[in-house]
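Each chain, written out:
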Amino acid sequence: RLVQAFVNTLDRESGQDRLAQVADAARWLIDNGLLGPDAEPDPDDLQTAAGVREALRALIVQNTGGPVPGAEVLTPLRRIAAERRAVADVAGDGRVHLAPDGESVPARLLNLLLIIGEAQTDGTWANLKACANEDCRWAFYDRSRNHGGTWCEMATCGNKLKNREFRARRKGD
């Protein structure tokens with residue numbers, strides 16, 4: 001859910017971006033554990049976060065049958081993975097938990113990669129998809145029985161695309 005919420009901080013159709021302004025971004029990042037409670041992001045942090053967000057969106061588009069993201073798109077993720085460290089903690093029940101080592105935005109963004117790694121291992125990662133409407137690309141978790149979901153909402157994006165395809169076919173007749 002955190003990866004999905006992070007990707008959805010940008011509403012591509014309305015242009016609303018929760019990570020565009022420091023004050024709005026700080027509140028969202030703190031509330032979602034991607035920034036320490038006493039820290040404040042700077043413009044470079046927001047640029048890094050936006051790059052990570054779009055790299056994650058590209059991975060999610062791939063889950064939906066889209067292309068494999070190119071190396072340039074994945075650069076922000078590779079940078080976070082290379083420059084940040086995780087620490088292991090063993091809970092009282094013996095469960096091992098990995099967490100980012102640090103309070104900054106780039107340090108905490110590593111947590112998204114840790115979550116994705118777990119989801120890839122347990123098989124749930126493939127169910128996080130991006131809406132097939134290229135104007136939307138909203139991230140959604142596909143809970144359908146056959147995991148064949150295509151749109152964030154059939155009533156909005158699905159209907160728009162189906163109508164567009166219908167009109168294109170009729171025009172071609």
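Now for a description of the structure that goes with this document. (Residues numbered from 1 in each chain as written. Predicted model: local features only at pLDDT ≥ 70, side-chain atom pairs only at ≥ 80, totals over all residues. Heavy atoms only, no water.)

## As for the overall build of the protein
- Within the protein, the regular secondary structure consists of six helices and four strands.
- Within the protein, the proportion of its 173 residues that are buried is 35%.
- With an accessible surface of roughly 10,300 Å², the protein has 48% of that area assigned to carbon and sulfur atoms. (Helix = DSSP H or I, 4+ residues; strand = E, 2+ residues; numbered from the N terminus. Buried < 20%, exposed > 50% of the residue type's maximum accessible area, 1.4 Å probe, protein only. Areas by Shrake-Rupley, 256 points an atom, 1.4 Å probe, with all protein chains shown as cover.)

## Side note on the pairing of strand β1 (residues 86–90)
- Of the pairings in the sheet, the one linking β1 to strand β2 (residues 96–100) comprises five bridges and is antiparallel in character. Bridging from a neighbouring strand, Val 90 pairs with Val 96 of β2.
- Linkage of β1 to β2, two consecutive antiparallel strands, is achieved through a turn of five residues, within which Gly 94 is found at a positive phi near 90°. (Pairing = 2+ DSSP bridges.)

## What about the pattern of salt bridges?
- Throughout the structure, instances matching the rule amount to seven salt bridges.
- Notably, a salt bridge pairs Asp 24 with Arg 18, separated by 3.3 Å at the nearest N-O pair.
- With a shortest N-O distance of 2.8 Å, Asp 142 and Lys 129 are connected by a salt bridge. With Asp 142 in the loop between β4 (139–141) and α6 (154–172) and Lys 129 in strand β3 (residues 128–130), the pair connects residues that are 13 residues apart, well separated along the chain.
- Overall, the relative accessible area of 7% leaves Lys 129 in the buried class.
- Through salt bridges with shared partners, a single ionic network connects Asp 17, Arg 53, Glu 54 and Arg 57. (Salt bridge = Lys/Arg side-chain N within 4 Å of Asp/Glu carboxyl O.)

## Some points on the packing of aromatic side chains
- With the rule as written, the count across this model stands at one aromatic pair.
- An angle of 45° between the planes, with centres 6.1 Å apart, marks the rings of Phe 6 and Trp 28 as tilted. With Phe 6 in helix α1 (residues 2–7) and Trp 28 in helix α2 (residues 22–31), this residue pair connects regions lying 22 residues apart in the sequence.
- The exposure class of Phe 6 is buried, given its relative accessible area of 0%.
- Classification of Trp 28 as buried rests on a relative accessible area of 9%. (Phe/Tyr/Trp six-rings, centres within 6.5 Å; stacked < 30°, edge-to-face > 60°.)

## Overview of the layout of surface pockets
- Of the volumes computed, that of the largest pocket is approximately 300 Å³.
- Forming the walls of the largest pocket are 13 residues, and the residues nearest its centre are Arg 1, Ala 119, Thr 124, Leu 128 and Tyr 141.
- Looking at the lining of the largest pocket, the elements with two or more residues in it are α1, α5 (105–122) and β4.
- Here the lining of the largest pocket gets four residues from one element, more than from any other, and that element is α5. (1 Å grid on protein atoms, 1.4 Å probe; cavity = no way out; pocket = protein on both sides within 12 Å on 5 of 7 lines; lining within 4 Å. Points joined across faces, edges and corners; volume = space filled by probe spheres on them.)

## Digging into the environment of Gln 21
- Among the secondary structure elements, Gln 21 is positioned in the loop between α1 and α2.
- With a relative accessible area of 54%, Gln 21 lands in the exposed category.
- Along the backbone, Gln 21 and Pro 41 are 20 residues apart, and their C-alpha atoms lie at a distance of 9.8 Å.

## Thoughts on helix α3 (residues 43–63)
- With 21 residues, α3 ought to run about 30 Å at 1.5 Å a step, and its terminal C-alpha atoms sit 30 Å apart, in line with that.
- What α3 keeps buried is the set Asp 45, Leu 46, Ala 49, Val 52, Arg 53, Ala 55, Leu 56, Arg 57, Ala 58, Leu 59, Ile 60 and Val 61.
- Its buried side turned inward, α3 meets α1, α2, α4 (71–83), α5, β3 and β4.
- For α3, the N-terminal cap is Asp 42; the gap from its side-chain oxygen to the backbone nitrogen of Asp 44 is 2.9 Å.
- Positioned one or two residues after α3, Gly 65 has a phi angle of 100°, which is positive. (Expected span 1.5 Å × (residues − 1). Contact = heavy atoms within 4.5 Å. Polar contact = N/O pair within 3.5 Å; in protein donor to acceptor, adjacent residues only side chain to side chain.)

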